[in-house]
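Now for the letters of each chain:
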Amino acid sequence: MQELPLNIPEGSRKEVMTYLEPFMLNEMSEYLKPVEEMWQPADFLPDSSRDTFFEEVRDLQESARELPYDLVAVLIGDTVTEEALPTYESWLTMVEEVDKNEQGGWMKWVRAWTAEENRHGDLLNKYLYLSGRINMREFEMSTQYLIQDGFDIGTGADPYRNFIYTSFQELATNVSHRRVSGLSKKSGDKLLAKMCGVIAADEARHAKAYMSFISHAMAVDPSEVMLAFEDMMRKKIVMPAHFLRESGGPQGGAFSHFSDAAQRLGVYTAVDYVDILKDLIADWKIDQVTGLNEKGEKARDYLMALPDRLLRLADRIKIPEKEYQFKWIY
C-alpha cells in the first residue's frame, strides 16, 4: 500500500476512507463468494417436495433430542444474534464515508456481507423450528425485541472503531459456531454440526476482510488507528446481543444467562476473549508499527500489556453451575 499524500493530515478519516475504497472493490472477491457457488439453507434442510420429507424431519428431531440443555440455549442465543441482522446492516451504513456512494466499494461490501450473513439466521431458524424442542413464539419475540432494542457498542460513526469491532466480533462468532459444531457432533447431531461448521467458515472469511481493512488503515494513519483500538479495548468489546431479553423480561436480562451457558460449555469464554485480542495484536503487528506519535505509543503500550492483565482477571471468574430455565426451550 502506498503512503498517503503528504498534504492529507493525520487522522483524516474522510481522506483515508476515500483512499482505501479501491481496496474494497479490488479485493472483495477474496473475501466473498459468487452467489451461485455459495451454500444455501436448502442444501442442509429436509426437502418438503420429497416423499421422504417427514422421515427426514423425524431423523432431525431424534438427533436434536440428544443435545444438552445448555447447548440448545446457546444455539438459540446464537440464532437470535444472527437474526438481528437488520440492526447490523443499518449500523454499518451509518459509518462515516460508507454511505456517500450507493455504488461505491463500501456500500457494495455492506450489501454483499449482509447477503452472506442473512443465510445464517435462515438456516438456524428453520433447524430450530423443525427440531420440536423450541417454543418458537418465545424465540421469535426475543428476536423482535433484539432488533427493536438495537445495541450500544461504543463505535459511533468512526470507521476505525467500527472495523476494529467487526474484526473482533467476526472472530468471536467463528469461535462460538465452531465450538457448537464440535459439541453437536459429540452429541450425535451430525447435521447441526455441519450447519454450524459452514457458518463458522463464513465468519472466518469475513473477519479476514475487516482485519485486512484495519491493516491497510494502520499503514497510512497509524496513530489514529492505534488510539481507536485502545479505546475499543478500554470500553470492552460487547457482544451484539448484549440487550438480549425474553418476553416480559428487562432489556439484557437473558444475555447473562446465555453467556453463563456458553462459559459452562466452553463455547465462548473469557479466555477466548483474550485469545482473540492476541490474534488481532499479532495480525496487525502492533509491536512493529512505525510512525506513531506520543499518544499512539502510549496506546500501543497499553494494548501490548492488556492480554496478561485480562488473563489474570479471567482466572477469577466464577461461572454459575445451575442451568437457567429459558422460556425458549420446552
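Above this text sits the structure in question.
Summarised in this report is the structure supplied together with it. (Residues numbered from 1 in each chain as written. Predicted model: local features only at pLDDT ≥ 70, side-chain atom pairs only at ≥ 80, totals over all residues. Heavy atoms only, no water.)

1. Some details on the packing of helix H7 (residues 159–186) against helix H11 (residues 270–283)
- For the pair H7 and H11, the least separation of the axes is 10 Å and the interaxial angle reads 130 degrees. By the angle between their directions, the pair H7 and H11 is classed as oblique. The two elements H7 and H11 meet at a crossing, and its hand is right-handed. Along its contact with H7, which presents Ser167, Phe168, Leu171, Ala172, Val175 and Arg179, the element H11 presents Asp272, Tyr273, Ile276, Leu277 and Leu280.
- Looking at the contact of H7 with H11 residue by residue, the classes come out as eight nonpolar, one polar and two charged. (Axes fitted to C-alpha atoms, helices over the stretch in contact; angles between N-to-C directions. Helix = DSSP H or I, 4+ residues; strand = E, 2+ residues; numbered from the N terminus. Parallel < 35°, antiparallel > 145°, perpendicular 65-115°, else oblique. Left-handed = near helix turned anticlockwise from the far one by under 90°. Contact = heavy atoms within 4.5 Å. Nonpolar A, V, L, I, M, F, W, Y, C, P; charged D, E, K, R; others polar.)

2. Structural notes on the packing of aromatic side chains
- Summed over the entire model, instances satisfying the criterion amount to 15 aromatic pairs.
- Both rings, one in Phe255 and one in Phe258, keep their centres 5.9 Å apart while their planes meet at 65 degrees; by these two values the pair is edge-to-face. One end of the pair is Phe255 and the other is Phe258, both in helix H10 (residues 255–265) and three residues apart, which spans about a single turn.
- An angle of 5 degrees between the planes, with centres 4.7 Å apart, marks the rings of Phe326 and Trp328 as stacked.
- Using a relative accessible area of 5% as the deciding quantity, one classes Phe326 as buried.
- By relative accessible area, which is 0% here, Trp328 ends up buried.
- Positioned above the aromatic ring of Trp39, the side-chain terminus of Arg119 is 3.9 Å from the ring centre.
- Seen from the ring of Tyr302, Arg234 lies directly overhead, with NZ or CZ sitting 3.8 Å from the centre. (Phe/Tyr/Trp six-rings, centres within 6.5 Å; stacked < 30°, edge-to-face > 60°. Buried < 20%, exposed > 50% of the residue type's maximum accessible area, 1.4 Å probe, protein only. Lys NZ or Arg CZ within 6 Å of the ring centre and 35° of its normal.)

3. What to know about the pattern of salt bridges
- A complete count under the given rule lists 16 salt bridges for this structure.
- With a shortest N-O distance of 2.9 Å, Asp149 and Arg245 are connected by a salt bridge. Of this pair, Asp149 sits in helix H6 (residues 136–149) while Arg245 sits in the loop between helix H9 (222–235) and H10, and the two are 96 residues apart along the sequence.
- For Arg245, a relative accessible area of 14% gives the class buried.
- Residue Arg234 pairs with Glu230 through a salt bridge whose shortest N-O separation is 3.0 Å. One end of the pair is Arg234 and the other is Glu230, both in helix H9 and four residues apart, which spans about a single turn.
- According to the relative accessible area criterion, Arg234 is partly exposed, its value standing at 47%.
- Shared partners join several salt bridges into a network, and the residues in it are Arg13, Asp158, Arg161, Glu224, Asp231 and Lys235. (Salt bridge = Lys/Arg side-chain N within 4 Å of Asp/Glu carboxyl O.)

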